[in-house]
Amino acid sequence: MRQQLSRSAGRRVGRTFGVAGIGLALILGAPVAAASKTPAHPLGSAAVDTARMLSADQEPGTWMASGRTYSEQRFSPLTGINKANVSKLGLAWFGDIDTERGQESTPVVVDGVLYITTAWSMVKAYDAASGKKLWDYDPKIDRALGQVACCDVVNRGIAAWQGKIFLGALDGRLIALNGKTGKVEWSVQTTDPKQPYTITQVPRIVKGMVVIGNAGAEYTCRGYVSAYDANSGKMKWRFYTVPAAPGDPTNTPLLEKAAKSWHGEFWKYGGGATAWDTILYDPKTDLVYFGTGNGLSWSQDIRSPGGGDNLFVSSVIAVHAATGKYAWHFQEVPGDEWDYDVTNPLMTADLKIKGQVRHVLMQAPKTGFFYVWDAKTGKLISADKFAPANWASKIDLKTGRPVENPDARYNETKAAIVQPAPLGAHNWHPMAYSPKTGLVYIPVTESSTGFQSAVAKDFQVKDRVYNTGTVSFSDKITSLYGQPGALPRGNIKSYLEAYDPVAQKEVWRAPDKDYGAHGAMVTAGDLVFSGDWSGRFSAYDARTGAKLWSASVQADVVAAPSTYTIAGVQYVALLVGARGLPPGQPRTSESSANNSRLVVFKLGGTAELPSKPMAGGTVAVRRLDPPLLTGTNEQVIDGQGAYGRYCAGCHGQGGVADKSIPDLRYSSALKSLSEWNAIVVEGSRKDKGMVSFKSVLADGQAEAIFHFIISQANKDKASEQAARR
Ligand code: CA
């Protein structure tokens, strides 16, 4: 089986390149004949190296890195599935996933094996043709760590290199697995386990090193990115993104200079600026790029009283690959206080701009502005809005600074309504770029939120909870939202947008029926593939946005697909499952309440997902059914404040879930205060990631939150009923 697979995988390359592939090969300057010389590797070899990555376009049937190539364009040269035949796409095989939190990873497929990660940092390897599970790896993450995983206990995928599979685990370990067996080859702790760091990002391989960052800038963390030798796990370099306290040995001369852009005792909060998602290596410039997140606290009054740019928060940083030494930076949001992380996917491309081919770096960050830089120098080429944003009117192309709306800044006494809200116009969800159409495909979400600073003199940093120093519900915020012409509060709408990065303008959009972002992939067959939060997986015409094919996947989709060939057959693979279930979708999986699955499609595929609802698992249309409010007005107000600080990060603003974490308005525990306290105070659901909050909640606050949620659920139930009338 192994030999047969590897032989056919090798042969496949030449054939699938096909007729349309010739044009592409010319574009890429690679002779078509070179494709057939690609060496075959036995099943599970994971034999990725620099030479193979550099010539990835000569084996288009392989998806050997999360973003496929170093450019991370998520563009596949395959044309086997195209506009003419995509309507015949059917399920080839599927695999049930045994965890039900958010599933965010892109399948990596190399040497006949498909690798994914799931929630709780588990890795699974499948025979990419048959779907047979080859191995599982579970790093056995302490479920209590869910408390400091700001945005769910997710993982966005693996890296393959010279026989090993690399995983950044939620608890800060970087783990090298044997590609054939899944056995641990080495493991290093990249973070201080006493600090609330987590890892959810894909490790990237750069010159035989594994580069990894971390998350935690809502708690008390200081960001950094490190490189480890891929063979030994020995650390080669580390780059801190913000200064520490004066005199700290990790303060380089660069960071001492950066410290001049801060005020007060900012190090007490950790500084933030964690590089939690994108890391990109560009062999043309030999630079490694990463984006940093918000400063800590979010509120600048608390973080850096008196303001300042607070370098290097909300910045793209380029370092020299071999040494990790600073090359350049571009701060997108000086003195950010809106959680405008610019950790969103970066990609390189060659764009023809004003008659000249430029090698550029591109990003569509949370802020709503699309950036194009010269990849070597970081010089800004263009920046414009790809989505509505009220916090700044434009980017000054001379200085690179945003022209801020003065109403967007807030403090203790002044509230602001800001668009986009902290989840951003575009978050981590992979975007894709087609060199054929010249368009970038961006999953866009429109939203707004209110901000006001917590009272600085009363604000205390607490361990392992949000220390953002903000409130999102206050009388002033409510009054702003009540003014005529105010933006709608919360989530507004979402869509897949095709964007021309040269002209800086939208070309088409495909609106979502249900709100939510979902990763994208584009192919040389001129198809854009993306899922949605209505339980569908669809293919769109890359030039017009027309929906050409769609299938039910019975689950919310947030991850991006990938595509590959085995024995001449092109497959499209996607990991599904997040939050709860799409509207009206029953549970059909025995192993996960949100129908988490790996689904793999091919032309003429005839496999079928289970259609029978699980016994007792029907969730037809979820209706709010809370008990009557028995708490006092004071309890509801106190509960609202405590919820905002300790619960909203995971469970969603105003009690409305926006991630894979339960929506408390539907909780059966609302029927019993003692059951509620058992969970919130005593930690009875610790094994599911809901730890005890006894140490941070003041007396009576657990009960106050209980009444606040009941109050919210009753208000929302009344609006639902009014809407149905
Ligand atoms: Ca953040």
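Predicted model, so just to flag it, every value in this text is computed and none were measured. (Residues numbered from 1 in each chain as written. Predicted model: local features only at pLDDT ≥ 70, side-chain atom pairs only at ≥ 80, totals over all residues. Heavy atoms only, no water.)

Draft legend 1. Main features of helix H8 (residues 673–680). Turning to H8, its buried residues number three or more, namely Trp 676, Ile 679 and Val 680. An end-on view of H8 places all buried positions within 85° of arc, on one side of the element. Buried residues along H8 sit against helix H9 (701–724). (Buried < 20%, exposed > 50% of the residue type's maximum accessible area, 1.4 Å probe, protein only. Helix = DSSP H or I, 4+ residues; strand = E, 2+ residues; numbered from the N terminus. Arc of directions from axis to C-beta. Contact = heavy atoms within 4.5 Å.)

Draft legend 2. Looking closely at the domain arrangement of the protein chain. You can read the domains of the protein chain as domain 1 (2–9 + 75–603) and domain 2 (633–724). The partner domain 2 presents 18 residues to the 25 residues of domain 1 that form the contact. Summing the contributions of domain 1 and of domain 2, the shared interface buries around 1900 Å²; its carbon and sulfur component is 55%. Of all residues in domain 1, the largest losses of buried area upon contact with domain 2 belong to Gln 147, Tyr 466 and Phe 473, amounting jointly to 26% of the total for that side. Scanning the region where domain 1 abuts domain 2 turns up six residue pairs in polar contact (both at pLDDT 80 or more). Split by residue class, the side of domain 1 that touches domain 2 holds 13 nonpolar, six polar and six charged. (Domains from an automatic or database assignment. Buried area = accessible area lost by both parts, 1.4 Å probe. Polar contact = N/O pair within 3.5 Å; in protein donor to acceptor, adjacent residues only side chain to side chain. Nonpolar A, V, L, I, M, F, W, Y, C, P; charged D, E, K, R; others polar.)

Draft legend 3. View of unusual backbone geometry. Ser 297 follows Leu 296 through a cis peptide bond whose omega is -5°. Checked against the element boundaries, Ser 297 lands in the loop between strand E18 (295–296) and helix H4 (300–303). Between Leu 311 and the following residue, Phe 312, the backbone shows a cis peptide bond with an omega angle of 0°. Of note, Phe 312 is situated in the loop between H4 and strand E19 (315–320). Here the phi dihedral of Trp 120 falls at roughly 60°; this positive angle occurs in a residue that is not glycine. Considering the arrangement of structural elements, one finds Trp 120 in the loop between strand E4 (113–117) and strand E5 (123–127). A positive phi angle, near 60°, is found at Asp 339, a position not held by glycine. Along the chain, Asp 339 falls in the loop between strand E20 (326–331) and strand E21 (346–353).

Draft legend 4. Structural view of the environment of Ser 453. Among the secondary structure elements, Ser 453 is positioned in strand E29 (residues 439–453). Spatially, the C-alpha atom of Ser 453 lies 4.5 Å from that of Glu 412, the residues being 41 residues apart in sequence. With near-sequence residues (within four places) excluded, Ser 453 lies in contact with Ser 299, Asp 301, Tyr 410, Asn 411, Glu 412, Gly 469 and Thr 470. Here Ser 299 takes part through its side chain, which lies 2.9 Å from a polar atom of the side chain of Ser 453.

Draft legend 5. Representation of the pairing of strand E23 (residues 369–374) in the model. Burial within E23 is extensive, with six of its six residues counted as buried. Neither face of E23 is open: one carries Phe 369, Tyr 371 and Trp 373, the other Phe 370, Val 372 and Asp 374, and all of them are buried. The sheet contact formed by strand E22 (residues 356–363) and E23 spans four bridges and is antiparallel. When the bridges of E23 are listed, Val 360 appears paired with Asp 374. Once E22 ends, the chain turns through five residues before running back antiparallel as E23, passing Gly 368 with a positive phi of about 95°. In this sheet, strand E24 (residues 380–385) lies alongside E23 in antiparallel orientation, the contact comprising five bridges. Residue pairing across strands places Phe 370 opposite Asp 384, the latter belonging to E24. Taking the residues between adjacent antiparallel strands as the criterion, E23 and E24 are bridged by five residues, where Gly 378 takes a positive phi near 80°. (Pairing = 2+ DSSP bridges.)

Draft legend 6. Broad picture of the sheet that holds strand E34 (residues 527–531). The sheet built from five strands is open, its strands ordered E1-E33-E34-E35-E36 with mixed pairing. Lying at the two open borders of the sheet, with one neighbouring strand each, are strand E1 (75–76) and strand E36 (547–552). With two bridges connecting them, E1 and strand E33 (residues 520–523) associate as parallel partners. Each residue of the ladder has a partner; that of Ser 76, found in E33, is Thr 523.

Draft legend 7. Quick peek at the nonpolar core. If you look at the biggest cluster of nonpolar residues, it comprises 71 residues, and the most contacted ones within it are Tyr 115, Ile 165, Phe 166 and Phe 290. When near neighbours in sequence (up to four residues on either side) are disregarded, Phe 290 contacts Val 225, Phe 239, Thr 241, Ala 275, Thr 278, Ile 279, Ser 315, Val 316, Ile 317, Val 319 and Leu 346. Of all hydrophobic cores here, the second largest spans 35 residues; its members include Tyr 126, Val 557, Tyr 564 and Phe 601. (Core = buried A, V, L, I, M, F, W, Y, C linked by side-chain atoms within 4.5 Å.)

Draft legend 8. Structural context of the side chain of Arg 68. With respect to the helices, strands and loops of the structure, Arg 68 is situated in the loop between helix H2 (50–54) and E1. Exposure remark for Arg 68: the relative accessible area of 2% places this residue in the buried category. A distance of 2.4 Å separates polar atoms of two side chains, one belonging to Arg 68 and the other to Asp 57. Residues within four places of Arg 68 in sequence aside, it is in contact with Met 53, Ala 56, Asp 57, Thr 62, Trp 63, Phe 75, Ser 76 and Pro 77.

Draft legend 9. Geometry of the state of the cysteines. In total, this model carries one disulfide according to the counting rule given. Between Cys 150 and Cys 151 runs a disulfide, and the two sulfur atoms are separated by 2.4 Å. On the S-S bond that ties Cys 150 to Cys 151, the torsion sits near -100°, and the link is left-handed. We note that Cys 221 lacks a disulfide partner, and the nearest cysteine sulfur, in Cys 150, lies 10 Å from it. Cys 150 supplies the cysteine sulfur nearest to Cys 650, a cysteine that is in no disulfide, at a spacing of 7.6 Å. (Disulfide = S-S within 2.5 Å.)

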